[in-house]
Amino acid sequence: MALISGMASSKDEYPVNMTPYREGGTEKILYRLSCAERLAGKNWLNIPVSFDTENSSFRDNEGSPVGLNYIWMFGVGEGKTATVIYGRWLEEFRALTVSVNEFLSETRSRIICYVHFLKYDFSFIKKWLHWDTVFLHGNREPLYAVSGRIEFRDSLVLAGGVGLEYIGNEVLRTKIHKAVGDLDYELIRCPQTPLTKKELHYCEMDIRVLNQYIQEKIEDDGNISKIPYTNTGYVRNYVRNKCFGHHAQYTAFMDKLTLTPDAYLQCEKAFMGGAVGPNIKYVGQVIENVQSYDIKSSYPFVMVTRYFPMGYPRPVPDEYANANIESLTVSEKYCVQFTLELWDLCPKTDYCYPISRHKCSKAIAVREASGRVIYASYIKINCTELDYLTWKKFYTWELCRVSRLRIFPKGYLPRPIIESVLHFFHEKTTLDGVRGKEQAYMISKNMLNASYGMMVEKPVREDFMFSGEKDFYKTPPDYVKQVLDYNKKQRRFLYYPWGVWITAHARYRLYEAIAAVGEDYRYCDTDCIKFTGDHADYFKRANQLALEDLQALSARMNISMDYIAPRNPKGSQKFLGVWENEGTYTRFKTLGAKRYMVEENGQLKLTVAGTNKKSTLDYIKRQALAKQPLTVSGHEEFDTRVNTDAFEIFDSELAIPPKYAKRTTSTFVDTERSGFVTDYLGNEYFYTSLSGVYVEPASYSFSITDEMVDAIMWLTHDGHYTEVY
C-alpha cells in the first residue's frame, strides 16, 4: 500500500510540491540553507524556516488519551519558491535536525525556525530532540526553544494571535492562501496511513503561508535578527528607542520610579481589567430598540490625556488616611492606592454593580451575579481613588476602613510615550483601506493595541521551566528579589502602576456613562455600552469634553490637532476617546458577559466567547428554520418569524454540538503511549507516541449559573434601591 500520493502537476486542483524526507529531502534543505545570507554577529541565516505537524487524537484500549503525529513538514525559503519536505515519522525529523545542526556547525551558522503555535507542536517533539534552552512565557508555552544551532520560535505570538488563514488572506502582500477544511481532524490517521493529494496540499500550504509571512517580516524589519519574539516586542522596541534615543535624562527619570515589594504587590492586587457584563434584570429577555455606543480607542485615549503616578509611592498613616479619605481621593496632586474594608455593603441601584468578586481578598455573606458583588456583609479589596469614587456612586456601606494607603505624585505620561501612541493612531487611521499597505496597517493597528499591553506586563511572575528530566514545572515568584531587580533594570522605560491607572481611568469613564443612562442601561464591555431610550445629549457632552482634552493635549505638547486627530483615506477625521454611535438594534438579548445576540437591519449577529460565533449562529438559525411551517405568505414574514424563533432558541437551555461549536479541549500527554490503533481506512497499525496533545471536540452550553438565577429572582421580587447620584 502506498503511504504517499504521487506529485501533482501544476494544473491539478491540489498541486503538491513537497519532497518526501526519504527521497532526498535532507539534501534539498541543506542546499537551500547553503545559499542563504549569513548575518554578522550571531550568525543567523537570513532566510525563512518553518516547521509544522499534523496529528491524530484517540483513546487507547484502556481509555487513556493519545496524541499521535502522522506527518511533519519543514520548509526553507520564500513562500511560493520555498523548499518544503515532509516525513511521516518523528524519528525522521530528529535525523533531519542532526544533519541540519552538523551543517550549521560546519558553517558556524544558526537558524530561526518558526512554528505557528509552538506550545502545541513542541508537545510532540519535546522528547525527540535535545534542548539546550527552553524559555517559557506561560505554563507549557515556549516562546522559543533551542536545540543545537536551531532556535524554534512561536510565530503565533509574533502575529498577535491571528491564524494562518487570516495571515494568508489579509496580511501578506504576496497572497498565498491557507487550505481550509481539506483535512478532517476527526479521522484517525497514523504514520502508515496513505494521504491524498488534497491532504498533502493542505499540509504544504501551511508551511508556504508561514514562510511568506516571515519573508515579508525580514523585508520590513531589515533582516531576520531584527524580528522581535512577540508582537508586543515591536511596540516595546519602538517606544524604548524613542524614550532613550531622544531623551538623555530618561534613565535618571526612571530611577525615581521605583517600588517596594509591598507596594508592588498592592498594585498587582489593585489592577483590574475592563468592566464587562449585563444589567442583570434583563438577562434572558428580548429587548427592542437598543442603542450601542463605542469609545474610539479607549485605552490609548486615557494614556495621552489622563494623569498617572509619576513618583515613588509614599505611605500615609492609617489614622490620617481614615480621617481624610474623602479629600485624598479627589486630590489634585496625588494618585491614591489603598486597601479598603467595607461593612454592610448595599447597592444604590438595581442595574449596575461595579465591584468585582474575584478581586476581593476577603468577602463574607456575598450575593453576586456575573462576577459582580451586589451586596455583602463584609469585603476587603485593594483599589485606586478612581475605583473608590465609582463605588460611591453605586453602593452604600455602614462602615469603611482604609489601610496601607500610598500616594503617588500626579503627572502625565512621559512625552515620548504619548508621542508614540499618537504616532500609532495616526498611522492606523491614514493607512486604513490603502491598497498595498495592508501589512503596514496591521502593524500600526497591532502596535496601537499593544501600547496598552506593554503597560500592564507584570514584572513579577511565576517562573515556568522545562527540562528533559522534569518536563514542565514552575517555581513561585520571589517578590523581593524580582521587584528589586525590576527597580535596577537597565533601559527600563515603563512603570507598572501606569498600567493599573490606565484601566482604572477607562472603567471610570464607562461607569460615568452607565450612571448617565441609568435604568436604561442594558450591557457594557470595556469600551462600549448598550442601552434603551434617548441619551444623545449625554454622549454629545461627553464627546465635547473628550475633544477639549485632545485640544489641551495639543496645546500642552505643541502638537497639531491635524496630527492628533488625523483623517482616514476617505477624508473623515478620527478622534481618540470619542463615543461613536454604532447603530440601533431592532432586538437585543444577553445571557451574561460576552454572550448576546442582536438583530440589526433584519440580520442576526452573535457575540460569544468560547465558541465559534459564525457556526454557532448558523446552528441557531437551523433550529429556527426547522420550526417554520411549510407555507408562509412572503419572504419578509418568513425572515421575521425565523429571527423571532432564533431569539427564543437563544436561551440558557441552549447547547451547541461540537460540530457547530468548533471548540476543543486539550489534554497534554507527557508519558509514552504505545499499542494498536485502527485508522479511518480500517487498517490496524502499531504506534508509539513519546508525548503529545489529545484534542477532543467539545460542545458549548449557554447555561446561566445558579448565582445569576438567584440574583435575577432577588432583583425581580425583593430588591429595594435608592436613586444613583
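Only a predicted model underlies this, so the values are computations on that prediction, with no experimental measurement involved.

Asker: Explain the overall build of the protein chain here, please?
Answerer: Counting secondary structure elements, the protein chain contains 23 helices and 30 strands. For 725 residues, the compact-globule estimate of 2.2 N^0.38 gives 27 Å, and the C-alpha radius of gyration of the protein chain, at 28 Å, lies within 12% of that figure. Each of the three principal axes of the protein chain carries a C-alpha extent, and together these read 80 × 75 × 55 Å. Counting only residues that meet the buried cut, the protein chain has 54% of its 725 residues in that class. Pairs at least 24 residues apart make up 74% of the contacts formed inside the protein chain by residues separated by at least 6 positions. Looking at the protein chain as shown, the accessible area adds up to about 32200 Å², and 49% of this sits on carbon and sulfur atoms. Positive and negative side-chain charges in the protein chain, numbering 89 and 90 respectively, have mean positions lying 5 Å apart.

Asker: Would you mind going over the nonpolar core with me for this structure?
Answerer: Across soluble globular proteins, nonpolar side chains have a tendency to be buried as a group. Of all hydrophobic cores here, the largest spans 78 residues; its most connected members are Tyr213, Ile214, Ile224 and Trp498. Considering every element that reaches this core, the biggest residue donor is helix H15 (residues 438–455), with seven residues. Apart from residues no more than four positions distant in its own chain, Ile214 is found in contact with Pro48, Tyr114, Leu158, Ile224 and Ile227. Within the second largest apolar cluster, 48 residues are counted, among which are Tyr353, Val373, Cys383 and Trp397.

Asker: What am I meant to see in the packing of aromatic side chains here?
Answerer: The relative placement of two aromatic rings is captured by the distance of their centres and the angle of their planes. With the rule as written, the count across this model stands at 42 aromatic pairs. Over the aromatic face of Trp44 sits the side chain of Arg153, whose NZ or CZ is 5.7 Å from the ring centroid. The ring of Tyr282 has Arg522 sitting right over it, with the charged end atom 3.8 Å from the ring centre.

Asker: Would you explain unusual backbone geometry in this entry?
Answerer: Glycine aside, the phi torsion of most residues is negative, and most peptide linkages are trans. One non-glycine residue with positive phi stands out, namely Arg404, at about 55°. With respect to the helices and strands, the residue Arg404 is situated in strand E17 (residues 399–411). With a phi close to 55°, Asn601 is a non-glycine residue in the positive phi region. If you trace the backbone, Asn601 turns up in the loop between strand E23 (595–600) and strand E24 (603–608). Residue classification places Asn601 among the exposed positions, given a relative accessible area of 72%.

Asker: For this particular structure, what's the right way to read the sheet that holds strand E10 (residues 287–295)?
Answerer: As a general point, the strands of a sheet are linked pairwise by backbone hydrogen bonds and lie either parallel or antiparallel. Read across the open sheet, the seven strands follow the order E9-E20-E21-E10-E22-E23-E24; overall the sheet is antiparallel. Each edge of the open sheet carries a strand with a single partner, namely strand E9 (276–278) and E24. Taking the axes of each pair of neighbouring strands and ignoring which way they run, one obtains an average angle of 30° across the sheet. Relative to strand E22 (residues 579–592), E10 runs antiparallel, the two sharing eight bridges. Opposite Gln291, over in E22, you have Thr584 as the bridge partner. Packing against the sheet, helix H18 (residues 536–557) makes contact with E10, strand E21 (528–531) and E22, and its axis sits at approximately 125° to E22.

Asker: How should I be thinking about the side chain of Glu341 in this particular structure?
Answerer: Positionally, Glu341 belongs in strand E13 (residues 334–347). One polar contact links Glu341 to Tyr378, side chain to side chain, over a distance of 2.5 Å. Apart from the residues lying within four places of it in its own chain, the contact partners of Glu341 are Tyr378, Ile379, Lys380, Leu399, Cys400 and Arg401.

Asker: Even after reading the chapter, I still don't get the environment of Ala552, so can you show me in this structure?
Answerer: Examined against the element boundaries, Ala552 turns out to sit in helix H18. Taking the C-alpha atoms as reference points, Ala552 and Asp520, separated by 32 residues in sequence, lie 33 Å from one another.

Asker: How should I be thinking about helix H17 (residues 497–517) in this particular structure?
Answerer: Every α-helix winds through 3.6 residues per turn, so residues three or four apart in the chain are directed the same way. Taking 1.5 Å of rise per residue, 21 residues should cover 30 Å, and H17 covers 31 Å from first to last C-alpha, within 8% of that figure. Of all the 21 residues making up H17, 18 are buried; the element is thus mostly covered by neighbouring parts of the structure. Two residues or fewer past H17, Gly518 is found with a positive phi of approximately 60°.

Asker: Help me understand the pairing of strand E28 (residues 684–689) in this model?
Answerer: Successive side chains on a regular strand alternate, one facing one side of the sheet and the next facing the other. Of the two faces of E28, only one is covered, namely that formed by Tyr685, Tyr687 and Ser689; the face formed by Glu684, Phe686 and Thr688 stays uncovered. Pairing geometry for strand E27 (residues 673–678) and E28, over six bridges, is antiparallel. Opposite Ser674, over in E28, you have Thr688 as the bridge partner. In this antiparallel pair of consecutive strands, E27 and E28, the connection spans five residues, and Gly682 shows a positive phi of 95°.

Asker: What exactly am I supposed to notice about helix H16 (residues 479–488) here?
Answerer: Inspection of H16 places Gln482, Val483, Tyr486 and Asn487 among the buried residues, and these make up the whole buried set. Taken end-on, H16 shows its buried residues confined to a sector of 140°, consistent with a single buried face. Lining the buried residues of H16 we find helix H9 (261–270).

Asker: So what exactly am I meant to see when it comes to the pattern of salt bridges here?
Answerer: A complete count under the given rule lists 30 salt bridges for this structure. Where Glu326 meets Lys392, a salt bridge forms, and the shortest distance between an N and an O atom there is 2.7 Å. Taken as a pair, Glu326 in helix H12 (residues 325–328) and Lys392 in helix H13 (residues 385–394) lie far apart in primary sequence, 66 residues in all. Of the residues examined, Glu326 reaches a relative accessible area of 38% and is grouped as partly exposed. Judged by its relative accessible area of 22%, Lys392 is partly exposed. Connected through shared salt-bridge partners, Lys126, Arg140, Asp471 and Asp670 make up one network.

What counts and how
- Residues numbered from 1 in each chain as written.
- Predicted model: local features only at pLDDT ≥ 70, side-chain atom pairs only at ≥ 80, totals over all residues.
- Heavy atoms only, no water.
- Helix = DSSP H or I, 4+ residues; strand = E, 2+ residues; numbered from the N terminus.
- Rg over C-alpha atoms; globule rule 2.2 N^0.38 Å.
- Buried < 20%, exposed > 50% of the residue type's maximum accessible area, 1.4 Å probe, protein only.
- Contact = heavy atoms within 4.5 Å.
- Areas by Shrake-Rupley, 256 points an atom, 1.4 Å probe, with all protein chains shown as cover.
- Lys, Arg positive; Asp, Glu negative; His and termini not counted.
- Charge placed at Lys NZ, Arg CZ, Asp CG, Glu CD.
- Core = buried A, V, L, I, M, F, W, Y, C linked by side-chain atoms within 4.5 Å.
- Phe/Tyr/Trp six-rings, centres within 6.5 Å; stacked < 30°, edge-to-face > 60°.
- Lys NZ or Arg CZ within 6 Å of the ring centre and 35° of its normal.
- Pairing = 2+ DSSP bridges.
- Axes fitted to C-alpha atoms, helices over the stretch in contact; angles between N-to-C directions.
- Polar contact = N/O pair within 3.5 Å; in protein donor to acceptor, adjacent residues only side chain to side chain.
- Expected span 1.5 Å × (residues − 1).
- Arc of directions from axis to C-beta.
- Salt bridge = Lys/Arg side-chain N within 4 Å of Asp/Glu carboxyl O.

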